Amino acid sequence: RTVEDRYRRCLDLFAVTRDTHVKKRYKDPDQLLPTLPSPQDLRPYPCKLGFQYKGHKGAVRSLSVNPGGQYLATGCDDCVVRVFEITSG
């Protein structure tokens with residue numbers, strides 16, 4: 001029985017019509033770019049300042065929170081790393 005099942009399966013696979021791949025030609029390269037959502041569709045995101053840690057003079061480029069969630073380390077353009085205690089600032 002298994003030989004007959006395999007034979008029928010092979011016939012099924014052979015008889016299936018195969019799709020031919022047609023290359024799409026784009027006249028405008030902008031058609032290749034995906035459509036992005038508008039910023040209004042990406043809301044809600046924070047619109048107001050809830051808490052601020054002060055101390056850096058340059059732009060902050062890196063931020064890391066320790067696994068316990070007690071400390072926050074930040075690094076900025078002025079080559080300074082600061083460690084803040086999250087609960088007290």
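Our structure is the block above this text.
Keep in mind that what you see is a predicted model, and the values were worked out from it rather than measured. (Residues numbered from 1 in each chain as written. Predicted model: local features only at pLDDT ≥ 70, side-chain atom pairs only at ≥ 80, totals over all residues. Heavy atoms only, no water.)

(A) Examining the sheet that holds strand β2 (residues 71-76) more closely. Reading across the sheet, the three strands line up as β1-β2-β3 and stay open at both edges, with antiparallel pairing between neighbours. In this open sheet, the two edge strands, each paired with only one partner strand, are β1 (60-65) and β3 (81-85). Recorded for the sheet is a direction-independent mean angle of 20 degrees between the axes of neighbouring strands. Inspection of the sheet shows β2 paired to β3 by five bridges, in the antiparallel sense. Residue pairing across strands places Leu72 opposite Phe84, the latter belonging to β3. (Pairing = 2+ DSSP bridges. Helix = DSSP H or I, 4+ residues; strand = E, 2+ residues; numbered from the N terminus. Axes fitted to C-alpha atoms, helices over the stretch in contact; angles between N-to-C directions.)

(B) Just the packing of aromatic side chains, in detail. Going through the model one piece at a time under the given rule, you end up with one aromatic pair. Ring plane angle 40 degrees and centroid distance 5.1 Å describe the contact between Tyr53 and Phe84, whose orientation is recorded as tilted. Of this pair, Tyr53 sits in the loop between α1 (2-15) and β1 while Phe84 sits in strand β3; the two residues are 31 residues apart in sequence, bridging distant segments of the chain. The exposure class of Tyr53 is partly exposed, given its relative accessible area of 27%. (Phe/Tyr/Trp six-rings, centres within 6.5 Å; stacked < 30°, edge-to-face > 60°. Buried < 20%, exposed > 50% of the residue type's maximum accessible area, 1.4 Å probe, protein only.)

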